[in-house]
Amino acid sequence: MNIHEYQAKQLLAQRGVVVPPGDVAASVEEARAVAERLFTEGHSRVVVKSQIHAGGRGKGTFKSGFQGGVRLAQSKADVQRLAEAMLGQVLVTKQTGPEGRTVGRVLIEAAGTIQKEFYLAVTLDRASARPVVLASTEGGMDIEEVAARTPEKILRESVDPALGLMPYQARGLAVALGLGGDLLNAVARLIPRVYRTWWECDASLVEINPLALLAGPNGQPTLCAIDAKINLDDNGLARHPELQALRDLGEEAPLEIEAGKHQLNYIQLDGNIACLVNGAGLAMATMDIIQHYGGRPANFLDVGGGASTEQVAAAFKIILQDPNVRAILVNIFGGIMDCDIIANGIVAAVKETGLSLPLVVRLEGNNVRAGQQTLAASGLRILRGDSMADAAQKAVAAAA
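A few points on the structure. (Residues numbered from 1 in each chain as written. Predicted model: local features only at pLDDT ≥ 70, side-chain atom pairs only at ≥ 80, totals over all residues. Heavy atoms only, no water.)

**Quick look at helix α1 (residues 5-13)**
Every α-helical turn comprises 3.6 residues, leaving residues that sit three or four positions apart pointing alike. Across the nine residues that make up α1, a large majority, seven, are buried. When we look at burial in α1, the residues that qualify are Glu5, Tyr6, Gln7, Ala8, Lys9, Leu11 and Leu12. (Buried < 20%, exposed > 50% of the residue type's maximum accessible area, 1.4 Å probe, protein only. Helix = DSSP H or I, 4+ residues; strand = E, 2+ residues; numbered from the N terminus.)

Written out as structure tokens, the structure is:
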């Protein structure tokens, strides 16, 4: 589950990570009130940041033509003008796709003088099956770009999950970042707080980019999380009702929300051949083979290893809500799954929805003969795929 930047900063602040003073606003009036408070407190400038679940906001473009979803402001009037230009408008970034995302909130924060930027993150290293802390002196840049051009500038510290992040590891990272004296101690205290956020929130990623050294009022620089991103592991949300409350359904595709209600894994794509498959690996392979034969998959849809007739019917209803779909390919390998249950679900769904689109079904595995007999006896117009290749070619031809 993704959350907004302002929510990520709230979770970090609860664990002692310093974030810029400010607040989120859902209207121009709220934005002006936050700005007035910050300027009254003595801050000379603020930043107005669009809140959507996508990166690249600063370089994004609104469909209205307004440039930049992250902008500096020198006065309350500037904040009002920027909030008016952002709120309710569609922001397109490199991560949103051409459709963009509608901005429903803006974050208004004090903008200090940055002396140095770092990168800091905690994620899961699947190769070692351990948490890993990532740090770099190249803060403020896309970490993928740093990894591609100068991978030696990305520091890695693997963490034993039974012991947690040890103090010597945090100090070692601080030294490797070129810090000393009070700053070394400050970073050595900060890193465990970021790790604690990752651990306690069951996060898949906690990322601060940039982690900045700001010029302090007394001449002493302070560490501050200027931007933050947290992705939460869906499998851990049952333990965190307070984190579930952070979910913003307005940032999610309606069909994906509906699929979640039926425990279906669905991601809408831009093709015209819908896929209904059991197992994530088989689903990926099905999309690949559709593409191989010249088609374009309309979705990723994994019904799981033990789908019921009701779930299959729900999957069909979700597929049919996509107006771009021109054909449906069902590809089932019955390991745990009973092919006859899938077949009954298909028959029920076709009759209930009055399906008129071409339907190609490939069944293999557990109780496959019974499943094929169920489909044949239904009297429905269903194209049989004898193999993945055969099914994909028939689906591509039908969609065309």
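**Some remarks on the packing of helix α11 (residues 339-353) against helix α12 (residues 368-377)**
Viewed as axis vectors pointing N to C, α11 and α12 meet at an angle of 15°, and their least axial separation amounts to 7 Å. Comparing the axis directions of α11 and α12 gives the class roughly parallel. As α11 runs across α12, the sense of the crossing is right-handed. For the pair α11 and α12, contact is made by Cys339, Asp340, Ala343, Asn344, Ile346 and Val347 and by Val368, Ala370, Gly371, Thr374 and Leu375, respectively. Along the lines of polarity and charge, the residues of the contact of α11 with α12 split into seven nonpolar, three polar and one charged. (Axes fitted to C-alpha atoms, helices over the stretch in contact; angles between N-to-C directions. Parallel < 35°, antiparallel > 145°, perpendicular 65-115°, else oblique. Left-handed = near helix turned anticlockwise from the far one by under 90°. Contact = heavy atoms within 4.5 Å. Nonpolar A, V, L, I, M, F, W, Y, C, P; charged D, E, K, R; others polar.)

**Details of the packing of aromatic side chains**
Inspection of every chain in the model, using the stated rule, returns four aromatic pairs. Where Trp198 meets Trp199, the ring centres are 6.4 Å apart and the plane angle is 45°; that geometry is what we call tilted. Joined through ring pairs, the aromatic side chains of Tyr195, Trp198 and Trp199 make up one cluster. Here the guanidinium or amino end of Lys116 rests over the ring plane of Phe118, the centre of that ring lying 5.7 Å away. (Phe/Tyr/Trp six-rings, centres within 6.5 Å; stacked < 30°, edge-to-face > 60°. Lys NZ or Arg CZ within 6 Å of the ring centre and 35° of its normal.)

**Some details on the pattern of salt bridges**
By the definition in use, this model includes 19 salt bridges. A salt bridge links Lys49 to Glu5, with the shortest nitrogen-to-oxygen separation between them at 2.7 Å. Here Lys49 is found in strand β2 (residues 46-50), whereas its partner Glu5 is found in helix α1, with 44 residues between them in sequence. When sorted by exposure, Lys49 lands in the same class as Glu5, which is buried. In this structure, Lys94 and Asp142 form a salt bridge, with 2.5 Å as the shortest nitrogen-oxygen distance. Taken together, the residues span a long stretch of sequence, with Lys94 in the loop between β5 (90-92) and β6 (101-102) and Asp142 in the loop between β9 (130-136) and α4 (143-149) at a distance of 48 residues. A relative accessible area of 31% means that Asp142 is categorised as partly exposed. Counted as one network, the salt bridges with shared partners bring together Glu5, Lys9, Lys49, Arg57, Glu109 and Asp227. (Salt bridge = Lys/Arg side-chain N within 4 Å of Asp/Glu carboxyl O.)

**Thoughts on helix α2 (residues 28-40)**
Over its 13 residues, α2 extends 18 Å from the first C-alpha to the last, a length consistent with the 18 Å expected when each residue adds 1.5 Å. Along α2, the positions that sit buried rather than exposed are Val28, Ala31, Val34, Ala35 and Leu38. Across the axial projection of α2, the buried residues extend over an arc of 125°, all falling on one side. In α2, the exposed positions angled more than 90 degrees off the buried face are occupied by Glu29 and Thr40. Each element contacted by the buried residues of α2 is listed here: β1 (22-25), β2, α3 (76-86) and β7 (106-110). After α2 finishes, the residue Gly42 shows a positive phi value of roughly 105°. (Expected span 1.5 Å × (residues − 1). Arc of directions from axis to C-beta.)

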